[in-house]
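Residue-level structure breakdown
Letter by letter, the chains look like this.
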Amino acid sequence: MSQVKENDTVRVHYTGKLSNGQVFDSSLEREPLEATLGQGMLIPGFEKAIIDMKVNDKKTVNIPMAEAYGDVQKELFHKVDKAQLPQEITPELGMGLVSKGEDGREHQFRIAEVNDDHIIVDGNHPLAGQDLTFELELVEIK
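Residue numbers here run from 1 along each chain, matching the order of that chain's written sequence. Where local features are concerned, this predicted model is filtered to residues with pLDDT of at least 70; where side-chain atom pairs are given and counted, the filter is 80 or more; whole-chain, interface and lining totals use all residues. Side-chain measures were taken over the full set of non-hydrogen atoms in the model, leaving aside hydrogen atoms and water.

Next up on the list: the overall build of the protein chain. Secondary structure elements are defined from DSSP: runs of H or I of at least 4 residues count as helices, runs of E of at least 2 residues count as strands, and each element is numbered from the N terminus. Across its full length, the protein chain holds 1 helix and 9 strands. N-terminal to C-terminal, the α/β element order of the protein chain is β-β-β-α-β-β-β-β-β-β. The size measure is the radius of gyration over C-alpha atoms, and the globule rule it meets is 2.2 Å times the number of residues to the 0.38 power. For a compact globule of 142 residues, the expected C-alpha radius of gyration is about 14 Å, and the protein chain comes in at 19 Å, more than 25% above that figure. Expressed along its principal axes, the backbone C-alpha trace of the protein chain runs to roughly 60 × 35 × 30 Å.

Moving on to the sheet that holds strand β5 (residues 77-81). Spatial strand order, β5-β8-β7-β6: 4 strands in an open sheet with antiparallel pairing. Edge positions in the open sheet fall to β5 and β6 (96-100), since each of these has one partner strand only. Averaged over all adjacent pairs, the angle separating strand axes in this sheet is 40 degrees, with direction ignored. Two strands qualify as a pair provided that DSSP identifies no fewer than 2 bridges between them. Note that β5 and strand β8 (residues 118-122) share 5 bridges and pair antiparallel. Within β8, the position partnered with Phe77 by the bridge is Asp122. All axes here are fitted lines through C-alpha atoms, helices being fitted over the stretch that makes contact, and every angle between N-to-C directions spans 0 to 180 degrees.

Further remarks concern the environment of Asp116. Structurally, the position occupied by Asp116 is in the loop between β7 (106-114) and β8. The spatial distance from the C-alpha of Asp116 to the C-alpha of Asn56 is 54 Å, given a sequence separation of 60 residues.

Below, the discussion takes up the side chain of Asn124. Considering the arrangement of structural elements, one finds Asn124 in the loop between β8 and β9 (132-141). Residue classification places Asn124 among the buried positions, given a relative accessible area of 7%. Among the polar contacts listed, one links the side chain of Asn124 to the backbone nitrogen of Gln73, at a separation of 2.9 Å. Under the rule applied, a polar contact is a pair of N or O atoms within 3.5 Å (in protein, one hydrogen donor and one hydrogen acceptor; residues adjacent in sequence only if both atoms are side-chain atoms). In this structure the side chain of Asn124 is engaged in a polar contact, spanning 2.8 Å, whose partner is the side chain of Asp122. Think of it in three bands: residues with accessible area under 20% of the maximum for their type are buried, residues over 50% are exposed, and the middle band is partly exposed, with areas taken using a 1.4 Å probe on protein chains only.

Right, let's talk about the environment of Asp117 for a bit. The topology assignment puts Asp117 in the loop between β7 and β8. Spatially, the C-alpha atom of Asp117 lies 7.8 Å from that of Ala83, the residues being 34 residues apart in sequence. Not counting residues up to four positions away in its chain, the partners in contact with Asp117 are Asp81 and Lys82. Residue contacts follow a heavy-atom distance rule, with two residues in contact if any of their heavy atoms lie within 4.5 Å.

All right, on to the nonpolar core then. Burial of nonpolar side chains together is a common tendency in soluble globular proteins. We call a set of buried Ala, Val, Leu, Ile, Met, Phe, Trp, Tyr and Cys residues a nonpolar core when their side-chain atoms join them within 4.5 Å. Ranked by internal contacts, the top residues of the largest apolar core, which has 22 residues, are Val4, Phe46, Ile50, Phe134, Leu136 and Leu138. Secondary structure elements with two or more residues in this core: β1 (9-18), α1 (44-50), β4 (58-63) and β9. In terms of residue count, β9 provides more of this core than any other element does, 5 residues in total. Among residues more than four places away in sequence, those in contact with Phe46 are Val12, Tyr14, Leu33, Ile63, Phe134 and Leu136. If you look at the next biggest cluster of nonpolar residues, it comprises 7 residues, including Val80, Leu97, Ile111 and Ile119.

Right, dumping it as structure tokens:
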């Protein structure tokens, strides 16, 4: 039976958990995740964990933040005057916002702080700074 190697396209069922056991994502109620290794589609620790697995193999892996979404980067926090927000938005802690850059690309932010005249937005990935645990099941190697 073949094993997963670099550049293979795989289908994987997974359940991702935070260090406190809280599930943050799972493919069990939908189609398995399909990805081609070596193309930056997966976090490094997830991709490393799949290498050498065989179809129907299951395993649980702990992925340190350095091999997941990295550390929280302070430079990705920005102060935004409330006057710059669309009038229909009432900013709330944790609310997601999308901003278009000059190049037309969209950037995702979360509101990290709400003050009288401004908010602080966080451009880090929501799972940055966290160690993650994944339960994996290799479904297919294409």
